[in-house]
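One-letter residues, chain by chain:
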Amino acid sequence: MKRCARRNRATGAKRGFTLIELAVATSILMIGIVSVLSASSHMHSLRVSNRERTLAQNAVRSMAERMHAASHGFSDDPGTWAQELLATYRPGGSFGNAFAVEGLTLVEGDESVGTIAISSDETDTDRELQAQLGMPRDLDGDGDAADTDVSASARLLPVVLTLRWRGERGVHQMRHGFYLMGY
Amino acid sequence: MIETVVAVALFSVVLLSSMAMVESGRRFSNATMQITTVEDLAQQMLFRMEHELASATGCTPSFALPAPLNAAETAGLTVSSTLGFPPRGTLLLDRGGPREERVSYTGIASTTRFEGLTRGLQCTAPTDHAGANGVDQLWCGLAEPLENQLAPAPGEFDGIALEDGQQVYFRGDGTGFSYRVPVDPSGGDNPLNGHDLFFGAVVEGEPTVNGWVAVVFEARDEYTEAATGDDLNKDGDTTDVFEIGQLGRLTWDASDASRVEELGLGPTNVIQERCNHGGDLDGDGFADPLFLWNAETNLLHVRLFLLGASRRDLPVVRKVESVLFLRNEPEL
């Protein structure tokens, strides 16, 4: 019996792989391949997500530039500059407070991907505006930051652009705060 | 024996299909990586342009033909002014009419003369042009909105672009943009000139008020839809030809034609349709000029269409665009 087992071991190298050995090898290979494909898919998802973020950044920057240009074209008179600006970008205004962004998907229930918020209240805080703008601050140059409505005297107004979109990896949001100046 | 054969066959099938999947994943990864890279390059270029153009002053180069130009003339062209025109480029003569012609030039001999003409480019034919002092002739790089946006006649505009959701009629091809930046001609870093600014450019390391800058599309290769049967611009046919190129930044001294600097900018796979520069590239029915310059609002809309390959090695086009506001009033 011992001699028989020894002979089997001695000839083992010539008999090839057993089904179990191949099954184990295949399983290991499959695990490796699935991991590689999963990593590749994850990388793709990251790239798509990165592209969405780039689109969002471009959209925010372009909108900010358009608003600077529009602001530049409004009245030089502090008495009407802010009113013209607010009338343009308020809900129902000539531009409105919402804008679409090509390439970004609307979140269900939202009316648009991009929204514009302009504050004419000097006492608003960064926390309320949800952007780092250094608010509250003097917006009409009268030496204090206590006026709750400077729409008839502002030389400077804080603007917050917000983008919300459904992306490859869920709902994303981007917020950009800046000031518009009366020229 | 049988179980070994079955096992080897099974293993081979798994191995081959796995290799096919990995190869497919690799190609897909390469394709998306390539697209992402060129998009990033375009993005970086736009950031740099925004940084430079924010303080620049835009230009609208145009001229009148004081004397007639006959169809055979190739030595040079005398015009009312070459100011703002890059040291080489293409002119658009008698646009919108039966005598429309695109003429390239290789140099600017003086403030009133282009030299080294090549006639009848971009599917136009060499033709005679009457000399007339009030007729506006254009640099092909320029694309600008028309004053009449309500109902322009077909010959008055070269395309309709979509700006801020509004249709905008414009003239020109929009393959470039010409501008000047604040400079200190004394070599320092104070460009103030009283209450104004000195504008010009840094040419060969020297700031000069005679300096100009232009960013222009320069074709280097071509892509034909017929080669892959792919409708790249989604216009319903596969017969279009596209020029593939790069934006170049030309800086020159208008008072010394020999002083010209060139620099390639951004990705090298920017596309424009041949014989239809500034035309629709994404199939939305609106024109896509590379540069659309509105001198009234000081807004420059830059649209870059980049050609890449999909996972099946088929061409894919990506758009990278931005709007830039030039804070200074245009000089020309």
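Our subject is the structure that appears above.
Now for a quick tour of the structure. If you're wondering where the values come from, they're calculated on a predicted model, not measured in any experiment.

With respect to the packing of helix 2 (residues 19–73) of chain A against helix 3 (residues 78–89) of chain A
All names here are of chain A.
Part 1: Contact geometry for helix 2 and helix 3: axes closest at 10 Å, N-to-C directions at 135°. Classified by the angle their axes make, helix 2 and helix 3 are oblique. Crossing hand, helix 2 versus helix 3: right-handed. Residue-level inspection shows Arg66, Met67, Ala70 and Ser71 of helix 2 in contact with helix 3, the latter providing Trp81, Leu85 and Tyr89.

Some words on the interface of chain A and chain B
Part 1: The partner chain B presents 38 residues to the 27 residues of chain A that form the contact.
Part 2: Carbon and sulfur atoms supply 55% of the area buried between chain A and chain B, which totals about 3000 Å² over both sides.
Part 3: For the chain A face of the interface with chain B, the top three residues by lost area are Arg47, Arg61 and Arg66 of chain A, together amounting to 23%.
Part 4: Between Arg51 of chain A and Glu39 of chain B there is a salt bridge, with the nearest N and O atoms lying 2.1 Å from each other.
Part 5: For the pair chain A and chain B, the interface holds 11 residue pairs in polar contact (both at pLDDT 80 or more).
Part 6: When its residues are assigned to classes, the side of chain A that touches chain B shows 12 nonpolar, 9 polar and 6 charged.

Examining the state of the cysteines
All names here are of chain B.
Part 1: Within this structure, the stated rule accounts for 1 disulfide over all chains.
Part 2: The disulfide that involves Cys123 links it to Cys275, with 1.6 Å between the sulfurs. Its S-S torsion of approximately 60° makes the covalent link between Cys123 and Cys275 right-handed. Linking Cys123 in the loop between strand 8 (118–121) and strand 9 (132–139) with Cys275 in the loop between strand 20 (256–273) and strand 21 (291–294), this pair joins segments that are 152 residues apart in sequence.
Part 3: Not part of a disulfide, Cys140 finds its nearest cysteine sulfur in Cys275, a span of 12 Å.

Describing the sheet that holds strand 12 (residues 166–172) of chain B
Residue and element names in this part refer to chain B.
Part 1: Strand order in the open sheet formed by 3 strands is 10-12-11, with antiparallel pairing between adjacent strands. Two strands in the sheet have a free side with no partner beyond their single neighbour: strand 10 (143–145) and strand 11 (159–163). Sheet twist, expressed as the average angle between the axes of neighbouring strands with direction ignored, equals 45°.
Part 2: The pairing of strand 10 with strand 12 spans 3 bridges and is classified as antiparallel. Residue Ala143 lies in a different strand from strand 12, and its bridge partner there is Gly172.

Details of the pattern of salt bridges
Part 1: Across all of its chains, the model carries 27 salt bridges over all chains by this definition.
Part 2: Salt-bridge contacts for Glu101 of chain B lead to Arg119 of chain B; the nearest nitrogen and oxygen are separated by 2.8 Å. Of this pair, Glu101 of chain B sits in strand 5 (residues 101–105) while Arg119 of chain B sits in strand 8, placing them 18 residues apart in sequence. In terms of burial, Glu101 of chain B and Arg119 of chain B fall into one category: buried.
Part 3: Glu222 of chain B is the partner of Arg274 of chain B in a salt bridge, and the nearest nitrogen-oxygen pair spans 2.8 Å. Here Glu222 of chain B lies in strand 18 (residues 211–224) and Arg274 of chain B lies in the loop between strand 20 and strand 21, a separation of 52 residues in the sequence.
Part 4: Arg274 of chain B gets classed as partly exposed once you look at its relative accessible area, which sits at 32%.
Part 5: Taken together, the shared-partner salt bridges connect Arg66 of chain A together with Glu163, Asp164, Asp288 and Arg303 of chain B into one network.

Focus: the layout of surface pockets
Part 1: Here the largest pocket is characterised by a volume of approximately 930 Å³.
Part 2: If you trace the largest pocket, you find 37 residues lining it, with Ala100, Val101 and Glu102 of chain A together with Lys319 and Glu321 of chain B closest to the centre.
Part 3: Broken down by element, the residue count for the lining of the largest pocket peaks at 8 residues, all from strand 23 (residues 315–325) of chain B.
Part 4: Tallied by class, residues from the lining of the largest pocket come to 18 nonpolar, 6 polar and 13 charged.
Part 5: For the second largest pocket, the calculated volume is near 800 Å³.

With respect to unusual backbone geometry
Part 1: The linkage connecting Met135 of chain A with the following residue, Pro136 of chain A, adopts the cis geometry, with an omega of 0°.
Part 2: Tracing the chain through its elements places Pro136 of chain A in the loop between helix 4 (126–129) and strand 3 (156–167).
Part 3: The backbone of Gln130 of chain A shows a phi angle near 55°, a positive value even though the residue is not glycine.
Part 4: Within the secondary structure, Gln130 of chain A sits in the loop between helix 4 and strand 3.
Part 5: Non-glycine residue Cys275 of chain B carries a positive phi angle of around 65°.

So, how was this worked out
- Residues numbered from 1 in each chain as written.
- Chains lettered and ligands numbered in written order.
- Predicted model: local features only at pLDDT ≥ 70, side-chain atom pairs only at ≥ 80, totals over all residues.
- Heavy atoms only, no water.
- Axes fitted to C-alpha atoms, helices over the stretch in contact; angles between N-to-C directions.
- Helix = DSSP H or I, 4+ residues; strand = E, 2+ residues; numbered from the N terminus.
- Parallel < 35°, antiparallel > 145°, perpendicular 65-115°, else oblique.
- Left-handed = near helix turned anticlockwise from the far one by under 90°.
- Contact = heavy atoms within 4.5 Å.
- Buried area = accessible area lost by both parts, 1.4 Å probe.
- Salt bridge = Lys/Arg side-chain N within 4 Å of Asp/Glu carboxyl O.
- Polar contact = N/O pair within 3.5 Å; in protein donor to acceptor, adjacent residues only side chain to side chain.
- Nonpolar A, V, L, I, M, F, W, Y, C, P; charged D, E, K, R; others polar.
- Disulfide = S-S within 2.5 Å.
- Pairing = 2+ DSSP bridges.
- Buried < 20%, exposed > 50% of the residue type's maximum accessible area, 1.4 Å probe, protein only.
- 1 Å grid on protein atoms, 1.4 Å probe; cavity = no way out; pocket = protein on both sides within 12 Å on 5 of 7 lines; lining within 4 Å.
- Points joined across faces, edges and corners; volume = space filled by probe spheres on them.

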